[in-house]
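Working through the structure, step by step
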Amino acid sequence: MAARVITITSGKGGVGKTTTTANVGVALALLGKRVVCLDADIGLRNLDVVLGLENRIVYDVVDVIEGRCRLRQALIKDKRLPELLLLPASQKRDKSAVRSADLVKLCDDLRPDHDFVLIDSAAGIEEGFRTAIAPADEVVIVTNPEVSAVRDADRVVGLIEAAEKGPARLIVNRLKPGLVQRGDMLDTSDVLDILAIDLIGIVPEDESVLISTNRGNPAALDERSAAGIAFRNIARRLNGEDVPFETYRDEAGFFGRVARLFRRNGRVS
Amino acid sequence: MSLTDFWNRLRGQPQPSSREAAKQRLQLVLVHDRNQIEPGMLERIKDEIIAVISKHVEIDQAGVQVTFTRGERENRLVADIPLLTRRTRK
């Protein structure tokens, strides 16, 4: 079976593309899928540190494209998850080192032996973005519930449609349920009204993401992390399962704490 | 309208929540983004329409509105130009 190539992009930087790519990659591997996480953010390599694989890099994607090594030599195996591979970006080159046709060929070489190729796109709507969506069968847009991120996501929705890669699906990342309840943050429904595309996941703001990234252990590996659960649910939806969307409640206040006492798992799954 | 907005309205505070403000501002700015027309350009178009039409008919210049409407298939630029008829003329 041939792999599905899914590009993860956003327009605006800093909304959580790399974190999403790493965690969804881990979660798909936990489902037993053979996954390659491909860092297409040439010059600003980060997928390696988020996955905790930075010390094992010998070759990168530009080495493969320029023929300095074979594809297999550049793929880094995750010891925690034998099904998960990383193809790192080059840190010493820039976006011009990888052309769309190069990435299309690379993905075609990866397709036969894997189930998913997840491409972590560069931010922006320029060359890096265009290269990253060239090989995509599907595109996932990550946004945050705030005006600048949603505006940029809308631009990207249009560009993806124009490139005939649509319709893209949406991940709302870093949602703060308490702020939404207080009327001080856009809710997922607001974002969907505005962008008019399908949702594939809602990830709550969660300290465990920062903490696990500090250690190089993606939150998707943490059974109790609310964000980790959200990422695992995204993986199941990508895999074709019908998983209902999470509803998050604020658990910071007094009533939240009481509610948590009475709930067995402590988290909404 | 969220519960917070409803509550604010009950207490006589007309200001919408920041969530509602964010949504409204986004919807407005995206109409311009998607149609690639700056908001200021719309004002300019309006002034030019007023100038052209005023040459031929009398219109209520203050009542002229030029807006975008979103249809299912396409967006429209709609100019609403109130005419001054003999009855409305003072």
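These remarks concern the structure in this document.

Conventions we followed
Residues numbered from 1 in each chain as written. Chains lettered and ligands numbered in written order. Predicted model: local features only at pLDDT ≥ 70, side-chain atom pairs only at ≥ 80, totals over all residues. Heavy atoms only, no water. Helix = DSSP H or I, 4+ residues; strand = E, 2+ residues; numbered from the N terminus. Buried < 20%, exposed > 50% of the residue type's maximum accessible area, 1.4 Å probe, protein only. Contact = heavy atoms within 4.5 Å. Areas by Shrake-Rupley, 256 points an atom, 1.4 Å probe, with all protein chains shown as cover. Arc of directions from axis to C-beta. Pairing = 2+ DSSP bridges. Axes fitted to C-alpha atoms, helices over the stretch in contact; angles between N-to-C directions.

Looking now at the overall build of chain B. The secondary structure content of chain B amounts to three helices and two strands. Listed N to C, the secondary structure of chain B is α-α-α-β-β in terms of helices and strands. Evaluated residue by residue, chain B yields a buried proportion of 23% over its 90 residues. At a minimum sequence separation of 6, the contacts of chain B that also span at least 24 residues come to 32%. Put simply, chain B shows about 7200 Å² of open surface, and 51% of that area lies on carbon and sulfur atoms.

Right, let's get into helix α10 (residues 207-215) of chain A. All names here are of chain A. All buried positions along α10 are accounted for by Ser 208, Val 209 and Ser 212. Angularly, the buried residues of α10 cover 105° about the axis, an arc narrow enough to put them on a single face. For α10, the exposed residues set more than 90 degrees away from the buried face come down to Glu 207, Leu 210 and Asn 214. For α10, the elements touching its buried residues are α1 (17-30) and α11 (226-238).

This brings us to the pairing of strand β4 (residues 84-87) of chain A. Residues and elements named next belong to chain A. In β4, alternate side chains face the same way, and those of Leu 84 and Leu 86 on one face and Leu 85 and Leu 87 on the other are all buried. In this structure, strand β2 (residues 35-39) lies alongside β4, joined through four bridges in parallel fashion. Directly across from Val 36, in β4, lies its bridge partner Leu 85. Where strand β3 (residues 76-77) meets β4, two bridges bridge the pair, whose relative direction is antiparallel. If you follow Ile 76 over to β4, its bridge partner there is Leu 86. Between β3 and β4, which pair antiparallel and follow one another directly, the connecting turn spans six residues.

Here we take up the pairing of strand β6 (residues 138-143) of chain A. Residues and elements named next belong to chain A. For β6, the buried fraction is high: six of the six residues fall into the buried class. Across the two faces of β6 the burial is the same, with Glu 138, Val 140 and Val 142 and Val 139, Ile 141 and Thr 143 all buried. Bridging between strand β1 (residues 4-9) and β6 involves four bridges; their strand directions are parallel. By the bridge assignment for β6, Ile 8 is matched with Val 140. Sheet analysis places β6 next to strand β7 (residues 169-175), joined by four bridges and oriented parallel. Residue pairing for β7: Val 140 is matched across the bridge by Arg 169.

Attention shifts here to the sheet that holds β3(A). All names here are of chain A. Here we have eight strands laid out as an open sheet, ordered β3-β4-β2-β5-β1-β6-β7-β8, and mixed in their pairing. Each edge of the sheet is formed by a strand with only one pairing partner; in this case those strands are β3 and β8 (198-204). Contacts between α1 and the sheet are confined to β1, β2, β4, β5 (116-120), β6 and β7, with β5 contributing the most and set at about 165° to the helix. Strands in contact with α11 are β1, β5, β6, β7 and β8; relative to β8, the strand with the most contacts, it is inclined by about 160°.

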